[in-house]
Amino acid sequence: MLDVQHLSVWYGVTQVLRDVSFSVNEGSVVALLGGNGSGKSTLLNALSGLIAPKSGSVRYLGEETAGLEAHQMVRRGVVQVPQGREVFADMSVDDNLELGAATRSNLKEIRRDMGDVFDLFPALRDRRTRAAGSLSGGEQTQLSIGRALMSRSKLLLMDEPSVGLSPRMVDAVIDAILRLRQRGLTILLVEQNVGVAAAVAGQAHVLKDGVIAYAGRAKDLINNPEVLASYLGR
Amino acid sequence: MRLQALVSNRSFLTLLFGALLVLPAFANQYTLFVGNLMLLYIILASGLNILVGFAGQLAFANAAIYGIGAYGTALLQVHLGWSFWAAAPVGAVLAMVIGTLLAFPALRLSGIFLALSTLAFAQATQWVLWHWQSVTFGAGGFRAPPVNFGWIPIKPDYGIYFVTWAVTVVLLLFTWRIMRSRIGRAFVAMRDGEIAAQSLGIDLLTYKAMAFALSSFYAGAAGALYSALLGFVSPEGFDLFQMIIHKAMIVVGGLGSVVGSVLGASLLVYVMELLREFKSTQEIVFGALLVGFMVFQPNGLVVFLKRWLPGWREPLHLAGHAEPKASVLSGSFKGATSDERPAAERA
């Protein structure tokens with residue numbers, strides 16, 4: 001579904017990603033791991049069109065998409081769930097979901113998709129009129145995922161959904177991703193938490209200093225102390 | 001019909017505009033003039049609220065754009081001999097074009113910096129109106145020719161009133177529709193988090209330009225009508241105090257609310273008329289209202305309507321907190337409001 005070849009990204013004179021290549025198959029969950037400053041969020045931003053890569057190719061469903069802007073990517077079904085959730089704190093849950101459909105115009109379909117999101121995350125249904133900022137961290141994560149789904153996304157780019165959550169809430173996030181996987185959604189998941197990656201992802205790639213340093217099955221990572229120690233600082 | 005349905009935004013607006021439509025039958029000349037001003041300020045406040053309240057762009061150029069609409073319309077008649085009916089749309093579109101250009105600085109600047117740069121633009125406009133005397137006639141202003149209603153047997157001030165009424169109704173219905181559309185949702189998303197908005201597929205340049213274009217067109221149209229209402233145009237009608245009036249209207253009424261614009265504009269025109277004999281107190285009262293509301297009720301009067309009238313809907317308006325929360329205005333001075341997540345750690 002997504003095929004990244006020799007991708008390089010620079011911030012001014014600093015090269016952040018060097019010659020990164022990997023692919024994501026349709027219906028799979030792929031994890032991108034790495035410590036702080038390893039370039040994983042940059043990679044996600046480059047794929048979602050928030051920043052432009054300097055060289056390399058990103059093919060999505062057979063189409064070259066490197067250099068397209070975020071709004072063009074969203075129209076093609078590639079949506080990022082931003083780090084730190086970024087829900088619209090002062091607005092209601094309903095309004096947040098509606099804003100996820102900012103690129104769509106058919107209100108009837110939008111309503112129906114909102115119903116789907118509530119089926120996926122029933123906790124949100126009970127809080128429809130509550131301000132998003134008053135939700136718990138886990139619920140906000142669910143809301144930010146639901147909001148991304150509202151644009152009818154096919155490929156979800158998730159940037160550290162587990163960050164800053166209590167262990168119980170991390171379980172809720174894992175559960176949510178598993179349910180999305182069950183629905184056939186393709187997910188590229190950026191994480192620092194190896195546990196989350198191992199629980200939901202098939203393949204995993206470890207980034208270190210802008211280079212893919214390890215690629216393999218996510219489950220094997222947990223039992224690979226060498227990788228954990230040298231690349232993830234554990 | 002259920003009682004709830006009676007106290008809706010729609011019935012409020014229908015009632016108000018119904019009353020304004022029949023007003024000329026009972027009004028003397030002064031009341032008619034005040035009614036006309038009310039309509040003009042409803043246009044101005046609705047336009048500014050699109051930009052500030054919905055799209056979250058803290059711009060201070062509305063009064064200047066209003067002036068460009070008025071000058072454009074009146075000068076086309078004076079210098080080129082156009083009729084009002086040809087000059088007014090061109091004046092409004094001219095204001096829109098110039099206002100849209102302000103979206104480009106807005107792409108890089110936000111909050112206080114956008115406020116300052118648009119304020120500088122407004123002052124530069126004032127300077128041009130004062131000093132480009134061969135075209136604008138300078139500080140003293142000039143008379144705009146009376147509007148010709150041709151074969152329609154109506155006194156000009158009544159004619160202007162009904163034209164303004166019709167334009168206001170059309171623009172309000174348009175605002176209502178567009179704020180409930182994809183465009184309105186994109187504006188609100190942009191207001192409440194540019195990064196989140198971008199990742200949801202909202203092209204910031206397009207939507208900022210659209211917000212500036214819409215609000216400038218409203219201001220330009222109001223300016224065109226104002227030049228016809230007064231028959232006289234001068235720079236001081238479009239100065240900083242005028243800007244404060246517009247801003248106070250949307251803050252008092254309710255940022256990001258269509259009814260809020262109408263409510264704020266109607267109320268403050270009334271206050272303005274109460275104080276007409278004490279002109280110097282107007283600035284103090286408007287300034288105080290603006291500051292007072294920003295501090296104590298930043299979401300405006302519609303908050304009370306939302307709280308007390310169960311049938312009242314404010315789609316996409318801030319989700320009615322019991323206590324005043326960070327608004328667009330105060331939020332932009334504080335920087336990122338998205339960091340305030342009171343309950344994030346509660347889990």
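Residues numbered from 1 in each chain as written. Chains lettered and ligands numbered in written order. Predicted model: local features only at pLDDT ≥ 70, side-chain atom pairs only at ≥ 80, totals over all residues.

S.K.: Help me out: how do you make sense of the nonpolar core in this one?
M.R.: Grouped burial of nonpolar side chains is what soluble globular proteins tend to show. Grouped together as the largest cluster of nonpolar side chains are 178 residues, with contacts concentrated most on Leu157(A), Leu189(A), Ala197(A), Leu44(B), Ala189(B) and Ala222(B). Ranked by the residues each element gives to this core, the list is headed by helix α12 (residues 204-230) of chain B, at 15 residues. The residues contacting Ala197(A), other than those within four sequence positions of it, are Ala31(A), Leu33(A), Leu189(A), Glu191(A), Ala204(A), Ala218(A) and Leu221(A). (Core = buried A, V, L, I, M, F, W, Y, C linked by C-beta atoms within 7 Å. Buried ≥ 20, exposed ≤ 12 C-beta atoms within 10 Å, placed from the backbone. Helix = DSSP H or I, 4+ residues; strand = E, 2+ residues; numbered from the N terminus. Contact = placed C-beta atoms within 7 Å.)

S.K.: Whenever I open this one, the environment of Val20(A) confuses me. Can you help?
M.R.: All names here are of chain A. In this structure, Val-20 sits in strand β2 (residues 14-24). Val-20 sits in the buried class, given 24 other C-beta atoms within 10 Å. Distance from Val-20 to Gly-210, taken between C-alpha atoms, is 7.6 Å for residues 190 residues apart in sequence. If near-sequence neighbours (up to four positions away) are discounted, Val-20 is found in contact with Val-4, Leu-7, Leu-43 and Ile-212.

S.K.: Help me out: how do you make sense of the pairing of strand β6 (residues 78-81) of chain A in this one?
M.R.: Each regular strand shows side chains that alternate between the opposite faces of the sheet. All names here are of chain A. Here β6 shows two buried faces, one formed by Val-78 and Gln-80 and the other by Val-79 and Val-81. Pairing geometry for β6 and strand β7 (residues 155-159), over four bridges, is parallel. Along β7, the bridge assignment pairs Gln-80 with Leu-157. (Pairing = 2+ DSSP bridges.)

S.K.: What is the right way to read unusual backbone geometry from this model?
M.R.: Negative phi characterises most residues that are not glycine, and trans characterises most peptide bonds. Residues and elements named next belong to chain A. Positive phi is not limited to glycine here, since His-6 has a value of about 50°. Within the secondary structure, His-6 sits in strand β1 (residues 2-11). Within the chain, Asp-209 stands out as a residue other than glycine whose phi angle is a positive 50°. The topology assignment puts Asp-209 in the loop between β9 (203-208) and β10 (211-217).

S.K.: Help me out: how do you make sense of the sheet that holds β1(A) in this one?
M.R.: Sheets are built from strands that pair by backbone hydrogen bonding, the pairs being arranged parallel or antiparallel. All names here are of chain A. Read across the open sheet, the four strands follow the order β2-β1-β4-β5; overall the sheet is antiparallel. Edge strands, defined here as strands with exactly one partner in the open sheet, are β2 and β5 (63-64). Relative to β2, β1 runs antiparallel, the two being bridged by seven bridges. Residue pairing for β2: Trp-10 is matched across the bridge by Gln-15. Of the strands in this sheet, β1, β2 and β4 (55-60) are in contact with helix α1 (residues 40-48), which crosses β2 at around 65°. (Axes fitted to C-alpha atoms, helices over the stretch in contact; angles between N-to-C directions.)

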